[in-house]
Every structure is written in C-alpha cells, then in structure tokens.
Amino acid sequence: MRKIAKFRLQHDLPCRIIFLFDTFVYSNIHMEEILMYLVGDEQLLIDRMSIRTPILVLGAGFSKGIQSQDGKPLPAGHELAEELFDEVLAKSKTVKKEDLEEYRAERSDLKKTCDNIEMEHLVEQRDRFLQKRFSGCRCLGGDFHMFLLDYPWRHIFTLNIDDLVEAIYSNVPAKQRPLVHVKQCSTLHNGTSLELYKLHGSVNRPDLGFVFDSAEYRNYEAIPSWALNTFGYLSLTNDVVFLGTEFQEEDLQLIIQQLNSMVEIVQPPHYFFVSPKINNRKLVRKIEEKRNMHFIPWTAQKFLTTIKDRIAAVGEARRKMRDYGMVFYDEQVPADENKLNQYMSELYMGAPPRPYDFIKNIDIIRPQVDGRAKALASKGKHHLVAIYGEAYVGKTCAAIRLGVDLMRLDYEFSVFNLPYSMNATAYQERIIEYLEVLPEGAKVAILAERMSYYYNRVKDILN
C-alpha cells in the first residue's frame, strides 16, 4: 500500500459520506458521539435500529392480550398465579385444607404459588396445565404482533413459554422461520438467519421442563446456561432491546448484571429497556448512571408499530441491496463464538479474504491503517479515501481492516462492488437510494473494489 489520499467533498444527503478506494466507500453520518445523546432516547433507538439489528429480549408483556387455543387471553403475573392456584392447588385431593388456606393468601404471587406447587409435589400437574393453557396462540393478520415480521431480527431471547413467536412466523417461507433453542442448543438447522432462544422452556417441548419455581431457577442458574452464555457473547457487540418485561425475573437479573459488567468497553453497545414502567429500582438507577442504557416508556404495541412505520423501510432497503450483491459485515458476525474459534483461515494460502479473517483479527494490520478508523471517525466530515499500490500488496485487506475497525466504532460496514450486470449509472442510483432511506444519526461504511475509473460517480453521489 503506497499512500492514503483524502478528498473532502460537499453533499446534500442526510448523512456524512467517506469514500475509500482500492476501492472503498464509506459514509459517516454521526457528527460526534455526543449528538447521539442530544436526539433523545426514543429517536436514538429508531436511528440505531435503522442501521444495525439489535438482540430482542421478550417478556410476558409482549404476549399480553393474545388468545391461546382455549379462546382466553394469555395470563401473566398475578393472573397466572391465580389460575395455577385454582387449577392445580385447589383441585388437588392431596393438599391439606389448612395448607390450602395459607396458599390462598399467596395466590396472587406467582413465585410463591409455584413454590407451593413444588412443595406439594404437583409440578407434573402444573406443567400439564401450562402446556395446555399457553399452546395454540392465535395471531390474526391485523394484530400488531405481526409487525414483528417487518424487521430483520437475527436473535430473539424470550422468557415466555407460549408459542406466539412461532405462530407469527408460521406462514412465512421455511427458511425465514426461526431456529428454536429450548433451554439448550438445538441440533437442527433450517438455514434461517433468525434464532429464537426459549429461556424458560416451551409448550412445544414440555419434556424439557419449565422454569417457574425457586428450585427450577436454582438449577437453571447452577448449570452454565448455553443460552445465557450466547447472550453474553452477542451483547458485547450488539445493541439489546428488552420488550414487555418489568425486569423482576431472576435470570433476567443475571442478564442485566452481564450488561453492567461491560461498561468498560471503549465503544459499548446500547441497551434499551422498553416498558411503560420499570419496577426494579436498581435498574432505574443504573439507567440514570450509564450513558449506554436507555428507558423507553412504550408499550409493546407502540414499539412494534414504530418498527412498521419508521424502521421497516431500512430493512427493506437492506434486502434490496443484498439482492444486488451488497454484503453487510454485521450480518457475518457468528451467533456462536465456537464457530468463530473453529474457523480455519486460508488467507495466507492464497485464498481470497473472508469476513472471519478480519472479525477474528487474523490479518496483518499495517501501521498505515492501525488507528486510522478512530482518526476518521473523530473528524465528523465526509472523506473520499483511495488506497492504491502495486498488485498483491494487500490493498483489499487494508481496506477491509479499516472497514471492520469502523464497524467496531459503531459503523455499518458493507461491501458493494460494481456488479458485472450493472452499469455505473445504475450502481450510483442504488447507492443513493439506499443512503436516502437511512435516518440522520446512522454510520455506514461501504467497500467498493475496482472503481478507479468512477471517481466522478462518487462525487455525484455526494453532490
């Protein structure tokens, strides 16, 4: 690599652009990091979801109002506790009358009711009731829960045992349905890009049990949880949206503790707690103290409607760009850390560079590139950067390394070379269409090789 040349250009787009050529194109839409905190938590959520896919964590509030196979709305919290008392404890012939009266006084407390059921050795009866009560969720076409389909989720963790998420995705093509993990890693794979983690069990797999009483929570926490470990790994580099929970669940407390331990990361992800209210005082204090934690006082309906009305357009734009050949590097980060650890690079055996080579830091980082991403990101201006030199000196690797470094600084990084089937005018139009969909506050990086003869096209995009 001989030289890095930078040319500052003007633009009318609602974003800031930097083009790097060996060819490399990238767009810096944030002026400075502090601006993220000036737009407000709700707008920040919309902006970030428009350019990067967060992890979604679902609580009971997400399923509120949905009918199961018996035609009744799904219960949650004290409602479920009362149903369990009536259907399990009160109907049991083995529970003593004096004990039943004590249990009746606690019938609105879900945890205590489940502990009482466990103490009376009625867990099997409880599980049969839960399996029947929470199965067959009905979600009609006009229901706001269907808006979940309008966003390209990749990882959904749920504390719910019902089959609502599965019902929402039941009518989409098989490869778009989620791969479901119930308390442990599934050995099946259907080629989907969406994975659903059922932390407390599933009505579709009652044989694996549920997590409701104190003993089940202790067992769940004592054994290293593959699902929670996966969450910890993913939340190092991905934003997280908590939806429909009041943050009282014990394993959710473990998740939040994991997030609290990550605050020393140079560029930590953002964590959004979406709920009409938060009853956990410690969590409220943490949100007030930490800049990367945000309280969004929305219902599940408000959140999903916002996705449909204000965010889905970016997901659709991404889909179109993928059809044209654009590769988004944030989609290349593996969900399973073991998959990355097991990757055997062929970069130094003459093979073309692959995303894992840079995500795993296998490449040799050149002094001219090291630290360059931070320098460019801190300037808050558009740049056109050309990386050029002799053949086979590592220009492509240098450009990709710069892009991955920018991705770690909160940029969307993608590769979009001029397809052989597309002329330069159409290529220019596709990029403009994509950039115009992005909201203000986005950061985007696009690598484009073999573009030395198209500098004017890039200037037109910026102008």
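Look up a bit, the structure's there.
Since the model is a prediction, treat every value here as computed from it, not as a measurement. (Residues numbered from 1 in each chain as written. Predicted model: local features only at pLDDT ≥ 70, side-chain atom pairs only at ≥ 80, totals over all residues. Heavy atoms only, no water.)

K.L.:
Please provide a residue-by-residue account of the overall build of the protein chain, values included.
P.N.:
A tally of regular secondary structure across the protein chain gives 17 helices and 14 strands. Split into buried and exposed, the 463 residues of the protein chain put 53% on the buried side. Taking as baseline every contact in the protein chain between residues at least 6 positions apart, the subset at least 24 positions apart corresponds to 75%. Working note: accessible area of the protein chain is about 22100 Å², and carbon and sulfur atoms make up 50% of it. (Helix = DSSP H or I, 4+ residues; strand = E, 2+ residues; numbered from the N terminus. Buried < 20%, exposed > 50% of the residue type's maximum accessible area, 1.4 Å probe, protein only. Contact = heavy atoms within 4.5 Å. Areas by Shrake-Rupley, 256 points an atom, 1.4 Å probe, with all protein chains shown as cover.)

K.L.:
Quick one: what's the story with the packing of aromatic side chains, residue by residue and with numbers?
P.N.:
The final tally for this structure, using the stated rule, is eight aromatic pairs. Geometrically, the ring pair formed by tyrosine 151 and tryptophan 153 is tilted, given 4.5 Å between the ring centres and 55° between the ring planes. Ring geometry for phenylalanine 328 against tyrosine 434: centres 6.1 Å apart, planes inclined by 55°, an arrangement best described as tilted. Of the two residues, phenylalanine 328 sits in strand 11 (residues 327-328) while tyrosine 434 sits in helix 16 (residues 424-437), which places them 106 residues apart along the sequence. On the basis of relative accessible area, tyrosine 434 is assigned to the buried category, the value being 1%. Three or more aromatic residues joined by ring pairs form one cluster here, namely Phe157, Tyr197 and Phe231. Over the ring of tryptophan 298 we find lysine 302; its NZ or CZ atom is 5.4 Å from the centre of that ring. Over the face of the ring belonging to phenylalanine 328 we find arginine 318, whose NZ or CZ atom lies 4.1 Å from the ring centre. (Phe/Tyr/Trp six-rings, centres within 6.5 Å; stacked < 30°, edge-to-face > 60°. Lys NZ or Arg CZ within 6 Å of the ring centre and 35° of its normal.)

K.L.:
For helix 2 (residues 78-89), give the residues involved together with the corresponding values.
P.N.:
Within the sequence span of helix 2, burial applies to Leu80, Ala81, Glu83, Leu84, Phe85, Val88 and Leu89. Where helix 2 is buried, its residues contact helix 3 (97-105), helix 4 (110-119) and helix 5 (123-133).

K.L.:
Run through the environment of arginine 408, naming residues and quoting values.
P.N.:
Relative to the helices and strands, arginine 408 is located in the loop between helix 15 (395-407) and strand 13 (412-415). Overall, the relative accessible area of 38% leaves arginine 408 in the partly exposed class. Remark: the alpha-carbon pair of arginine 408 and isoleucine 359, spanning 49 residues in sequence, is separated by 9.7 Å. At 2.8 Å, the side chain of arginine 408 and the backbone oxygen of isoleucine 359 are in polar contact. At a separation of 2.9 Å, a polar atom in the side chain of arginine 408 contacts the side chain of asparagine 361. (Polar contact = N/O pair within 3.5 Å; in protein donor to acceptor, adjacent residues only side chain to side chain.)

K.L.:
Before we move on, could you go through the pattern of salt bridges and cite the residues and values that matter?
P.N.:
Overall, the coordinates contain 23 salt bridges when judged by the stated rule. Notably, a salt bridge pairs arginine 401 with aspartate 405, separated by 2.9 Å at the nearest N-O pair. Of this pair, arginine 401 and aspartate 405 both sit in helix 15, four residues apart, which is roughly one turn of the helix. Note on accessibility: arginine 401 and aspartate 405 belong to one class, buried. (Salt bridge = Lys/Arg side-chain N within 4 Å of Asp/Glu carboxyl O.)

K.L.:
Residue-level account of the nonpolar core, with values.
P.N.:
Judged by nonpolar contacts, the single largest core of 54 residues is most densely connected at Leu148, Trp153 and Phe303. With 47 residues, the next largest nonpolar core counts Ile55, Val240, Phe273 and Ile400 among its residues. (Core = buried A, V, L, I, M, F, W, Y, C linked by side-chain atoms within 4.5 Å.)

K.L.:
Would you mind going over helix 8 (residues 226-234) in detail, with residue names and values included?
P.N.:
For an α-helix, the turn length of 3.6 residues means that residues three or four places apart are oriented alike. The buried fraction of helix 8 is high, at seven of nine residues. For helix 8, the set of buried residues is Ala227, Leu228, Thr230, Phe231, Gly232, Tyr233 and Leu234.

K.L.:
Mind laying out the pairing of strand 5 (residues 155-158), listing which residues take part and the relevant values?
P.N.:
Both faces of strand 5 are covered, namely the face carrying His155 and Phe157 and the face carrying Ile156 and Thr158. The pairing of strand 4 (residues 55-58) with strand 5 spans three bridges and is parallel. Looking at strand 5, one finds that leucine 56 is bridged to isoleucine 156. The pairing of strand 5 with strand 7 (residues 195-198) spans four bridges and is classified as parallel. (Pairing = 2+ DSSP bridges.)

K.L.:
How would you summarise the side chain of arginine 52 if you had to cite specific residues and measurements?
P.N.:
In this fold, arginine 52 is placed in the loop between helix 1 (41-51) and strand 4. For arginine 52, a relative accessible area of 17% translates into the label buried. Those residues in contact with arginine 52 that sit more than four places away from it in its chain are Tyr151, Thr237, Asn238, Asp239, Asp330 and Asp410.

K.L.:
Can you break down empty space enclosed by the protein residue by residue, with the values?
P.N.:
Considering all chains together, one arrives at two cavities of 30 Å³ or more under this definition. A volume near 60 Å³ is recorded for the largest cavity. Taken together, Met49, Ser50, Ile51, Arg52, Thr53, Tyr151, Pro152, Val314, Gly315 and Arg318 make up the lining of the largest cavity. When residues of the lining of the largest cavity are traced back to their parent elements, those giving at least two are helix 1 and helix 11 (300-324). Classifying every residue of the lining of the largest cavity gives five nonpolar, three polar and two charged. Considering only enclosed or pocket space, the second largest cavity measures out at about 30 Å³ in volume. What lines the second largest cavity is simply Leu58, Phe62, Ser63, Thr158, Asn160, Asp162, Leu164, Val165, Glu166 and Lys198. (1 Å grid on protein atoms, 1.4 Å probe; cavity = no way out; pocket = protein on both sides within 12 Å on 5 of 7 lines; lining within 4 Å. Points joined across faces, edges and corners; volume = space filled by probe spheres on them. Nonpolar A, V, L, I, M, F, W, Y, C, P; charged D, E, K, R; others polar.)

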